[in-house]
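One-letter residues, chain by chain:
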Amino acid sequence: MSSEVKNGEAKQSVVLDHLGDRERTHSCGELRREHVGQQVVLMGWVARRRDLGFVTFIDLRDRDGVTQIVCDAERNPEAHARLKDVRGEFVLCVVGTVRGRDEKQKNAKLATGDTEVLASEVLILNDARTPPFQIEPTSEKDLASEDLRLKYRYLDLRRPQLQSNLRLRHRVVREIRAYMDAEGFTEIETPILIKSTPEGARDYIVPSRTFPGKFYALPQSPQLFKQLCMIAGLDKYYQIARCFRDEDLRADRQPEFTQLDVEISFATLEQIYALIEGLFQRVFRLVDVELETPFLRLPYAEAMRRFGSDKPDMRFGMELQDLSGELKETDFTPFKSALENKGAVKAIVLSGGANTSRKTIDELSEFVKRYGANGLAWIKYGDEVTSSLLKALGVEAIERIGRVAKADKNDLVLIVAGKIKTVHAALGALRLEVARRERLIPENTFAPLWVTEFPMFEWNEETNNFDAMHHPFTSPLDEDLPLLEKAIEGGEKELLGKLRAKAYDPVINGVELASGSIRIHRRDIQALIFKALGMSQEEARARFGFFLDALEYGTPPHGGIAPGIDRLIMVLAGTDNIRDVIAFPKTASAADLMIESPGEVDARALRELKIRVEG
């Protein structure tokens, strides 16, 4: 059988072989010195071909690695002739004998570099068009654009790094299941087609053909179902759950994602902390990392005050310094305005940064504007003090700011003023950006912590109302319950901003790996929470009536957590792009470039669903 394959502009007719009953004896990453002298059968893709005339070398690749194949015209003229026809990504079956390489010919970059296979028979199982990009570039900078690689994801997945990531993912999920089973949990599957109860992110909506005008929703999480499992007396539930959120994407977020969903009856905070710390310890050992337990615990308010983030990277310092007290009498308009409007003036200090160029500072000023800041003030404490504030504040005030900020000689102070939320967001992000630029973040270091006591509610300026910071089924701290009752029943709604939740997020190296909480198990408290969120009794009944009813049938105290498996693998694999650990991810705009999804639906199908597309 012959096939025509395009190689550049040329076409070559290649005779293809049948595999027959031949079976692989080894993978392409398996052969070592102890295999020398054995006859083997390898199968894989041509990663590289080198033709030296009478001798042809092939690097044969499969998911386990690469083996060098050698064929010379004198010993095996037929096999050598077959190799003359092959090109990159052809699929081969090679029969041959393992031999050791001379000391000077060893390849230290390959696990199989001590050996090679002298081919006695070569079968060309399939040909291949020239790929649209280099499968194994020599460096990261030579990688093709991500959009091109996503369009041909089945080729991109041949890259050893992505194959390694997916196999790591497999091992992590296997360890999770073994760990949860040993801890007495039952794996339970919950529905994918559910009722839309949007809270925060948008639901993906699925029309029903059998109920015209009505819709299912894809779950953002199995939240209510896992709580119903506790009401049902199942005690310890877990699930490797697929979840869906129709929201703006980031490098660490996808519209469909996988999480380990966990719920425990009669749970205490300490029980959940210990469970997750033990789980993380177990999966991090897969990459030879031993996490120290117990993890550091940091209340949300302290995390924001010190680091400007609820997921702080604790591998380096550079904590936020509050200058508000020192500047409370200032006449400098940007600072004065911020403080008069209950905002803040805060700074970070870059040790030894006094020689930072003005160009770099201008870049950092533009950077903080992405987070709502108006700009960036700066002070350099070099041999002489220079500052963008020198004319406005004077030398004496600049020196006092240095003392308050704990800046030493040769340090750079970077200052942001504005609303507290904006200052924290801008400086929290700037802290990370400066650390990356200055290479202040130690490699191969993992700094885990729990961020605890999140606010129950956060103010939404667009709706002029409070939203649940986590979700509306999170329990307030016991000592804050009187504030909830006073806020709702006493009409002092502003007190909602002071409520703290029994909520907790584990964070490693600045990545939030899970979100969890102790849940509300009393109907009266759940009703108050719905009321705090501005829901009428009718609206709460329409959305959550089944759940409110269930709470009246002996609901035990319970709590849970949901580690994101995609993000966990991302940290373990050492990448900052979540698409690197998902087999077939979407782009940042939620598109699948390979299958061209989302796409249009046949008009007849839309008519059956009683749907009309406008615009």
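Residues numbered from 1 in each chain as written. Predicted model: local features only at pLDDT ≥ 70, side-chain atom pairs only at ≥ 80, totals over all residues. Heavy atoms only, no water.

Considering the overall build of the chain
In terms of regular secondary structure, the chain is built from 17 helices and 25 strands. Seen through its C-alpha atoms, the chain measures out along the principal axes to roughly 95 × 75 × 55 Å. For the chain, the residues scored as buried account for 49% of the 615 residues in total. Counted over contacts in the chain with a minimum sequence separation of 6, partners at least 24 positions apart contribute 69%. When the accessible surface of the chain is split by element, carbon and sulfur atoms take 48% of a total near 31600 Å². In the chain, 87 side chains carry a positive charge and 97 a negative one; their mean positions are 2 Å apart. (Helix = DSSP H or I, 4+ residues; strand = E, 2+ residues; numbered from the N terminus. Buried < 20%, exposed > 50% of the residue type's maximum accessible area, 1.4 Å probe, protein only. Contact = heavy atoms within 4.5 Å. Areas by Shrake-Rupley, 256 points an atom, 1.4 Å probe, with all protein chains shown as cover. Lys, Arg positive; Asp, Glu negative; His and termini not counted. Charge placed at Lys NZ, Arg CZ, Asp CG, Glu CD.)

As for the sheet that holds strand β17 (residues 385-387)
Taken together, five strands build an open sheet; the order of strands is β14-β15-β18-β16-β17 and the sheet is antiparallel. Edge positions in the sheet fall to β14 (321-322) and β17, since each has one partner strand and no second. Judged from the four bridges that link them, strand β16 (residues 377-381) and strand β18 (residues 412-418) form a sheet pairing that is antiparallel. Looking across to β18, one finds that Ala377 is bridged to Ile415. Its contacts with the sheet place helix α8 (residues 333-340) against β15 (344-350), β16 and β18, and it is angled at close to 50° to β18. (Pairing = 2+ DSSP bridges. Axes fitted to C-alpha atoms, helices over the stretch in contact; angles between N-to-C directions.)

Considerations on helix α4 (residues 160-182)
Relative to the 33 Å expected for 23 residues at 1.5 Å per residue, α4 spans 33 Å between its end C-alpha atoms, a close match to the ideal helical length. The inward-facing, buried residues of α4 contact α3 (153-156), β11 (236-244), β12 (256-265), α6 (269-284) and α16 (565-573). (Expected span 1.5 Å × (residues − 1).)

A few points about the nonpolar core
One finds Ile176, Val262, Phe280 and Phe284 to be the most contacted residues of the largest nonpolar core, which totals 41 residues. Broken down by secondary-structure element, the contributors of at least two residues to this core are α4, β11, β12, α6, β22 (503-508) and α16. No other element matches α6, which puts eight residues into this core. What Val262 contacts, discounting residues up to four positions off in sequence, is Met180, Phe185, Lys226, Tyr237, Tyr238, Leu275, Arg519, Gly559, Gly560 and Ile561. (Core = buried A, V, L, I, M, F, W, Y, C linked by side-chain atoms within 4.5 Å.)

Some words on unusual backbone geometry
The phi angle of most residues is negative, glycine excepted, and most peptide bonds adopt the trans form. Looking along the chain, the bond that leaves Thr293 and enters Pro294 is cis, with omega of -5°. Structurally, the position occupied by Pro294 is in the loop between α6 and β13 (296-299). Of note, the bond from Ser597 into Pro598 is cis; its omega dihedral lies within 30 degrees of zero at 0°. With respect to the helices, strands and loops of the structure, Pro598 is situated in the loop between α16 and α17 (603-608). The phi dihedral of Lys610 is positive, around 60°, even though this residue is not glycine. The exposed category is assigned to Lys610, whose relative accessible area is 60%.

A few points about the environment of Gly516
Summarising the element assignment, Gly516 is placed in strand β24 (residues 516-518). When near neighbours in sequence (up to four residues on either side) are disregarded, Gly516 contacts His470, Lys502, Ala503, Tyr504, Asp505, Gly560 and Ile561.

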